[in-house]
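Coordinates in review
Each chain, written out:
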Amino acid sequence: MDVSAELPPPDADERDRYWMARALECARRAEAEGEVPVGAVVVLGGEIVGSGWNRNIGAHDPSAHAEIVALREAGRRLGNHRLLGAELYATLEPCAMCAGAIIHARIARVIYGAADPKTGAAGSVFDILLDERHNHRVALTPGVLREEAAELLTGFFRTRRSAERCSQGPA
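An account of the accompanying structure is given in this report. Chains are numbered independently. Their residues run from 1 in the order of the written sequence. Residues qualify for local features only when their pLDDT is at least 70, as the model is predicted, and side-chain atom pairs are given and counted only at 80 or more; totals for whole chains, interfaces and linings, by contrast, use all residues. Just so you know, side-chain values use all the structure's heavy atoms and leave hydrogens and water out.

1. What to know about the sheet that holds strand 3 (residues 87–92)
Reading across from one edge, 2-1-3-4-5 is the order of the 5 strands in this open sheet, with mixed pairing throughout. Of all strands in the sheet, those bounded by a partner on one side alone are strand 2 (47–53) and strand 5 (139–141). Each strand axis lies, on average, 15° off the axis of its neighbour in the sheet, ignoring direction. Of the pairings in the sheet, the one linking strand 1 (residues 39–44) to strand 2 comprises 6 bridges and is antiparallel in character. By the bridge assignment, Ala40 is partnered in strand 2 with Gly52. The pairing criterion is simple: DSSP has to find at least two bridges between the two strands. Helix numbering and strand numbering both begin at the N terminus, where a helix is a DSSP run of H or I of at least 4 residues and a strand a DSSP run of E of at least 2. To get an axis, fit a line to the C-alpha atoms, keeping to the stretch in contact for a helix; angles then go from 0 to 180 degrees between the N-to-C directions.

Right under this line is the structure:
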């Protein structure tokens, strides 16, 4: 992903929207590749250290969710599996697999756009990120650019369903 030299806004809410907009760019890349449009960026020290978008279909890898791809890139770039102090911006609420990886990476804060009422693990279905049994605590900010993130997903699945109906021919 191309990261511009532009600095994020100083206001915390505006900064969250700024980084989420970068995650939405990643989600659009996933959609262009025929993947479910979910994107994620890992931010540390005011810069993106990892970015990713869903690649599980094309890579034939069930673990290649946007968050995992972004965490892997950040770990390689920083030379450490612990991403202390980093924030992860994801366009969709993380699933259980991604939430586990976020805990193990020691991400300080997760900011997500749309809630996932089917497999969300940040409070919608499961509460993995906030479970007090973990030895690491993650701060959580839901709903940043929720409408844009949700519409990207809704539009993708609407188009997919329409294409499936058309390919089946008349009933």
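2. Topic: the packing of aromatic side chains
Aromatic ring pairs: the centre-centre distance and the angle between the two ring planes describe each pair. Only centres within 6.5 Å qualify two rings of Phe, Tyr or Trp (six-membered ring in Trp) as a pair; their planes then separate them into stacked at under 30 degrees, edge-to-face at over 60, and tilted for everything else. The tally for this structure, following the rule as stated, stands at 2 aromatic pairs. Aromatic pair Tyr18 and Trp19: ring centres 4.8 Å apart, planes at 80°, arrangement edge-to-face. The burial state of Tyr18 is the same as that of Trp19; both residues are buried. Residue placement shows Arg22 over the ring face of Tyr18; its charged tip is 4.5 Å from the ring centre. For the exposure calls, accessible area comes from a 1.4 Å probe over protein chains only, and a residue counts as buried if that area is under 20% of its type's maximum, exposed if over 50%, partly exposed in between. A ring is scored as having a charge over it whenever the NZ atom of a lysine or the CZ atom of an arginine sits within 6 Å of its centre and within 35 degrees of its normal.

3. Structural notes on the pattern of salt bridges
Where charged atoms from two side chains of opposite charge come close, those side chains can pair. One side-chain nitrogen of Lys or Arg within 4 Å of one carboxyl oxygen of Asp or Glu is enough to make a salt bridge. Here the structure, examined in full by the defined rule, presents 10 salt bridges. One salt bridge in this structure joins Asp16 and Arg109, with 2.5 Å as the shortest N-O distance. Of this pair, Asp16 sits in helix 1 (residues 12–32) while Arg109 sits in strand 4 (residues 109–114), and the two are 93 residues apart along the sequence. Considered together, Asp16 and Arg109 belong to a single accessibility category, that of buried residues.

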